[in-house]
Structure formats: C-alpha cells, structure tokens
Amino acid sequence: MLPVKANPPGKPNTAAVWVQQHRQPYIATDIEQEMDFDEQPELVEQGMKSQINIPLIAKGKALGSLNLTSVRKSAFDEDTVKRLQPIADQLALALDSQRLFEDVSRAIREWETTFNSASDGIILVSKEHRITRANSTAAAMLGGEVKDLMGRRCHEVVHKTS
C-alpha cells in the first residue's frame, strides 16, 4: 500500500520527516487504519494504536519533532497538540541553543588551532598589559615556554624592562 502522506524522493517516509517538511503536527487516531508512513507497520506490531508528531521549530527552522505513541486508539487530538506545543517549543529552543553552543565551540577550536599553528609569533595582551595568550612560536622567539609568559607584563617579556 502506498503511503498517503509520502515525503519527497530521497527523504525517509516517516511522520517525523513529514512534520518537519510541512511544519504542522500529524495525528493518527488509528494507525492500523491510516498507515500513512513507513514506521507505522512496526508501531502496530509493537501494539501502538495512535500517534502524534509535532514539529520542533526555533527561529523559523525545523530542528526535529516530538513523537508520541499510545496503545489506545484516538489517544491524541487537537487539544493534545495545544497542550504539547509549549513543550515542543521549549525543546526546539533547547536544541537551537545546543546547536549554537556546538557552533561556538567548533569556532573556538578552529581559532585555537589556527592560533597555535601560526608560523608567526602571536601574543594577546590585556588592558593591564599582561600576556593572556601566546602561541608556541612567540614563546620560542622569546626564549621560553608559553606557560612562562602567561600573566607577565608584556614590556617585561618583550622589551626586557620592568
């Protein structure tokens, strides 16, 4: 039987993908009768009778879906969507924050790799003229190790003055 709510070619034909694509909830009150998606025969085999899938959208971007099933027919309806939507919204914000954190962490790692592998000596100095960061090239140029430079006044290290 061909699913009624088929997803675009190349995408898994699941309710989770469908709700992300269409940005609207999917409710199956009787999975066995509806059989819209590829996962539903397995859900029926596991004793599930109804399902609901709600898209997780943050900042206009679909990030996933909140998926629930029940052993009862008609366990979910539009009121269920209204009750679950705030939870889905919070999950979407949490996923977006996690993604942002991962992006920032990756950018920091890339920056550190570039900083540490530069063939030029690089020293970062605070407003108080203390060395807050130095790469190994700078340390070698100044005749020491990075750990020996940290926290010292720049003029003491670079110009050898106190």
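Residues numbered from 1 in each chain as written. Predicted model: local features only at pLDDT ≥ 70, side-chain atom pairs only at ≥ 80, totals over all residues. Heavy atoms only, no water.

> Give me the lowdown on the overall build of the protein, citing residues and values where you can.
When you go through the protein residue by residue, the secondary structure sums to seven helices and five strands. Listed by position from the N terminus, the elements making up the protein come as α-β-α-α-β-β-α-β-β-α-α-α. Against the 2.2 N^0.38 benchmark of 15 Å for 162 residues, the protein shows a C-alpha radius of gyration of 28 Å, more extended than a compact globule. If one aligns the C-alpha atoms of the protein with their principal axes, the spans along those axes are about 85 × 30 × 25 Å. The buried share of the protein, reckoned over its 162 residues, is 31%. Considering only residue pairs separated by 6 or more positions, the protein has 38% of its internal contacts joining residues 24 or more positions apart. Accessible surface computed for the protein: about 10300 Å², of which carbon and sulfur atoms make up 54%. Here the protein contributes 20 positively and 22 negatively charged side chains, and the mean placements of these two sets differ by 9 Å. (Helix = DSSP H or I, 4+ residues; strand = E, 2+ residues; numbered from the N terminus. Rg over C-alpha atoms; globule rule 2.2 N^0.38 Å. Buried < 20%, exposed > 50% of the residue type's maximum accessible area, 1.4 Å probe, protein only. Contact = heavy atoms within 4.5 Å. Areas by Shrake-Rupley, 256 points an atom, 1.4 Å probe, with all protein chains shown as cover. Lys, Arg positive; Asp, Glu negative; His and termini not counted. Charge placed at Lys NZ, Arg CZ, Asp CG, Glu CD.)

> Let's hear about helix H1 (residues 15-22): which residues, and what values?
All buried positions along H1 are accounted for by Ala15, Ala16, Val17, Trp18 and Val19. On the buried face of H1, the contacting elements are strand S1 (26-28), strand S2 (50-58) and strand S3 (61-70).

> Would you mind going over unusual backbone geometry in detail, with residue names and values included?
Excluding glycine, most residues fall at negative phi; most peptide bonds, likewise, are trans. If you check the backbone angles, arginine 23 has positive phi at about 55° while not being a glycine. One non-glycine residue, histidine 129, lies in positive phi territory at about 70°. Locating histidine 129 in the fold gives a position in the loop between strand S4 (123-125) and strand S5 (131-134).

> Please set out the sheet that holds S2 residue by residue, giving values where relevant.
Strand order in the open sheet formed by three strands is S1-S2-S3, and the pairing between neighbours is antiparallel. Either end of the sheet is taken by a strand with one partner, and the two such strands are S1 and S3. With strand direction ignored, the average angle separating the axes of adjacent strands in the sheet is 15°. Summarising the sheet, S1 and S2 pair through three bridges and their orientation is antiparallel. Within S2, the residue paired with isoleucine 27 across the bridge is isoleucine 52. (Pairing = 2+ DSSP bridges. Axes fitted to C-alpha atoms, helices over the stretch in contact; angles between N-to-C directions.)

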